[in-house]
Amino acid sequence: MKHRPIKASILTHNLSHNLSRVKNMTNSAPTWAVVKANAYGHGLEPALKAFRESEGIALLDLEHAAFARDLGWVGRILLLEGVFAEADYDDAVNISCEIVIHHEQQITWLIQWLGKQGPQKAAELLAKCPIWLKLNSGMNRLGFKSAQYGVSYEILKQIGCTVHHLTHFANADDPQIFPSVQDQWGIFSKATLYVDGLKSAANSAAIIGYSFTHADMTRPGIMLYGASPSGNYQDIADLDLKAGMNLRSEIIALQELQTGDTVGYGSQYVAPKNTKIAVIACGYADGYPRSAPNGTPVWVGKAENILDGQIAPIVGRVSMDMMMIDVSNISHAHIGSPVELWGELNPIDDVALPAKTVGYELMCGLTNRVKQEIL
Ligand SMILES: *Cc1c(COP(=O)(O)O)cnc(C)c1O
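In this report, the structure presented in the accompanying data block is examined. (Residues numbered from 1 in each chain as written. Predicted model: local features only at pLDDT ≥ 70, side-chain atom pairs only at ≥ 80, totals over all residues. Heavy atoms only, no water.)

1. Quick notes on empty space enclosed by the protein
At step 1: The full count for this structure, using the stated rule, is 1 cavity of 30 Å³ or more.
At step 2: What the largest cavity holds in volume is close to 50 Å³.
At step 3: In terms of residue class, the lining of the largest cavity is built from 3 nonpolar, 4 polar and 2 charged. (1 Å grid on protein atoms, 1.4 Å probe; cavity = no way out; pocket = protein on both sides within 12 Å on 5 of 7 lines; lining within 4 Å. Points joined across faces, edges and corners; volume = space filled by probe spheres on them. Nonpolar A, V, L, I, M, F, W, Y, C, P; charged D, E, K, R; others polar.)

What follows is the structure, encoded as structure tokens:
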């Protein structure tokens, strides 16, 4: 049985390569490889294999932390949003997670939880679960403001916690926007001047653009998967990062249009001349953005070798299961020709940008009707 031809290949060796690029760029600073959102859509299992050389992984759900342990992950695990309820501290100990604390409520839960444990279990949490106290240095999403930070630190130290420090940048991908990385780094440095513990601040954009933020542990996400934090491929073109995923399909039909004929729902494309159109088995129900306009690039390869090919532009609206491209200039385009929607031949950023989104959203948005192959 031949399945509908769309498939996502996860390129484990490229993910590993990107991690080693991060290590090169950061003087081998320890990493939290960020694997939230099912490793940005690539799957936790291949990601753990690929990121073996990372000291730790960072994610959101205890359930996924437990799954990582089941898969044999023995490195560090960071819960990026900490616990969502008091009882979660139980599981966090059992799974040996390091825990972000970003809000007073999480300290209250911790104190209450510790009070209900025997001394052994309490000691176990304090020994196995370092706390990463989060500073809100200007993003105003998670974390304590500077004024509360020192007090929270003291409380946690009094309880007996090991405390480390983290913050998150709002605009590391765009120096024009306030607050800048320098502003936020200044606030973080000041708040952590007289305290013990490790520091972590840099996401991908800061790893790439601001080496003074690399500190004790970096937190690369999007760059591990081969896309640009800014959404612009030019910003990473020289960094030797490789696509973590090839989303590929095939041409399933061809049409010859006359001048003035239109294509697809809403007839959004009018042929300015006689045009050859190819129909591809990929649509928004696969996770391809419906917002991709006319002109968004698709790679069309030869049947015998996809590497031998060229870019063709989308014409007409992306529909649920199909999309159309102009192949007037591609004589080798025929039914069964392989196409790449995004990946090593067609950077995901080049698709995201015209669709007014970012590679992050496309990766995470692949739907589960797309079969995955781990390479
Ligand atoms: C998602 C996330 C990261 C990784 O960000 P990228 O832009 O993908 O590198 C780092 N730190 C925190 C707190 C995050 O939530």
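2. Considering the pairing of strand S16 (residues 338–342)
At step 1: For S16, the buried fraction is high: 5 of the 5 residues fall into the buried class.
At step 2: Both strand S9 (residues 245–257) and S16 contribute to a ladder of 4 bridges, which runs antiparallel. The residue of S16 that forms the bridge with Ser249 is Val339.
At step 3: Sheet topology places strand S13 (residues 297–302) next to S16; 2 bridges connect them, and they run antiparallel. Each residue of the ladder has a partner; that of Val300, found in S16, is Val339. (Buried < 20%, exposed > 50% of the residue type's maximum accessible area, 1.4 Å probe, protein only. Helix = DSSP H or I, 4+ residues; strand = E, 2+ residues; numbered from the N terminus. Pairing = 2+ DSSP bridges.)

3. Let's talk about the layout of surface pockets
At step 1: Of the voids in this model, the largest pocket is the one considered here, and its volume is about 600 Å³.
At step 2: What lines the largest pocket is a set of 27 residues, and nearest its centre among them are Lys36, Arg141, His168, Asn203 and Tyr360.
At step 3: Mapped onto the lining of the largest pocket, the elements with two or more residues apiece are helix H2 (36–40), helix H10 (204–209) and helix H12 (359–364).
At step 4: Across the lining of the largest pocket, the residue classes break down as 16 nonpolar, 5 polar and 6 charged.
At step 5: Empty space within the second largest pocket amounts to approximately 270 Å³.
At step 6: What lines the second largest pocket is a set of 13 residues, among which Pro5, Lys7, Ser9, Arg248 and Glu373 lie closest to the centre.
At step 7: Put simply, the parts of the chain that give the lining of the second largest pocket at least two residues each are strand S1 (7–10), S9 and strand S17 (371–374).

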